[in-house]
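Chain by chain, the residues run as shown.
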Amino acid sequence: MAKSIRSKRMRKLRAFKRIRYGEKELARLKNMVEKAAEEERQDAEAAAQSESVQNSDAGVASSTMDVDKENVESKVTKPSKYPCWLSHFKIKKLAKMDRKCKRKEAKRLKKEQKKTLKQGKKKGKGKK
């Protein structure tokens, strides 16, 4: 390791930074854990309420709110709504992939329709 005065000073400053940022990170992690525990409690309460509603109203649909979960593969919650943490380059890339998949699906469906039409014509010829 280097033994110059500058490198020693830099190591010393990095150690101070580690301490300072370590405290901030610890506080942030504790806050995240508290929020996660609170959300978990709310989910448990909502589940208990939905069970009680289902038990009391056996034939009637429950009036619980549907929560939009994001699609894991496409990372889309609602049509063309992406999470805020996703960069605009990733959004463009995902949108391009979505368009490509939709085109492929449309093409596949079109081929299947042609195939069924051809099979229908062949069956019709045999009956005459």
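I will try to describe carefully the structure that is included in this document. Quantities reported herein were computed from a predicted structural model and do not represent experimental measurements.

1. Re a positive patch on the surface
- Taken together, the side chains of Lys3, Lys8, Arg11, Arg14, Lys17, Arg18, Arg20, Lys24 and Arg28 make up a positively charged region of the molecular surface.
- On the secondary structure map, Arg14 appears in helix α1 (residues 5-56).

2. A word on a nonpolar patch on the surface
- A surface patch of nonpolar side chains, about 370 Å² in accessible area, is lined by Met10, Leu13, Phe16 and Ile19.
- Looking at the secondary structure, you find Leu13 in helix α1.
- Look at Leu13 and you get partly exposed, because its relative accessible area is 35%.

3. Notes on the packing of aromatic side chains
- Enumeration over the complete set of coordinates arrives at zero aromatic pairs.
- Here the basic side chain of Arg20 rests over the ring of Tyr21, its NZ or CZ set 4.9 Å away from the ring centre.

4. Some words on a negative patch on the surface
- On the surface, Glu34, Glu38, Glu39, Glu40 and Asp43 cluster together to form a negatively charged patch.
- Looking at the secondary structure, you find Asp43 in helix α1.
- Exposure remark for Asp43: the relative accessible area of 54% places this residue in the exposed category.

5. Description of the side chain of Ser50
- Following the sequence through the fold, Ser50 ends up in helix α1.
- A polar side-chain atom of Ser50 sits 2.8 Å from the main-chain carbonyl oxygen of Ala47.

6. Here's the deal with the pattern of salt bridges
- Across all of its chains, the model carries two salt bridges by this definition.
- Measuring nitrogen to oxygen at the nearest pair gives 2.4 Å for the salt bridge that ties Arg108 to Glu105. Of the two residues, Arg108 and Glu105 both sit in helix α2 (residues 88-127), three residues apart, roughly one turn of that helix.
- Overall, Arg108 belongs to the partly exposed group, its relative accessible area being 38%.
- The residue Arg108 makes a salt bridge to Glu112 at a minimum N-O spacing of 2.4 Å. Of the two residues, Arg108 and Glu112 both sit in helix α2, four residues apart, roughly one turn of that helix.

Procedures and definitions
- Residues numbered from 1 in each chain as written.
- Predicted model: local features only at pLDDT ≥ 70, side-chain atom pairs only at ≥ 80, totals over all residues.
- Heavy atoms only, no water.
- Patch = residues over 30% accessible without salt bridge, like charges linked within 9 Å, V, L, I, M, F, W, Y side chains within 5 Å.
- Areas by Shrake-Rupley, 256 points an atom, 1.4 Å probe, with all protein chains shown as cover.
- Salt bridge = Lys/Arg side-chain N within 4 Å of Asp/Glu carboxyl O.
- Lys, Arg positive; Asp, Glu negative; His and termini not counted.
- Charge placed at Lys NZ, Arg CZ, Asp CG, Glu CD.
- Helix = DSSP H or I, 4+ residues; strand = E, 2+ residues; numbered from the N terminus.
- Buried < 20%, exposed > 50% of the residue type's maximum accessible area, 1.4 Å probe, protein only.
- Phe/Tyr/Trp six-rings, centres within 6.5 Å; stacked < 30°, edge-to-face > 60°.
- Lys NZ or Arg CZ within 6 Å of the ring centre and 35° of its normal.
- Polar contact = N/O pair within 3.5 Å; in protein donor to acceptor, adjacent residues only side chain to side chain.

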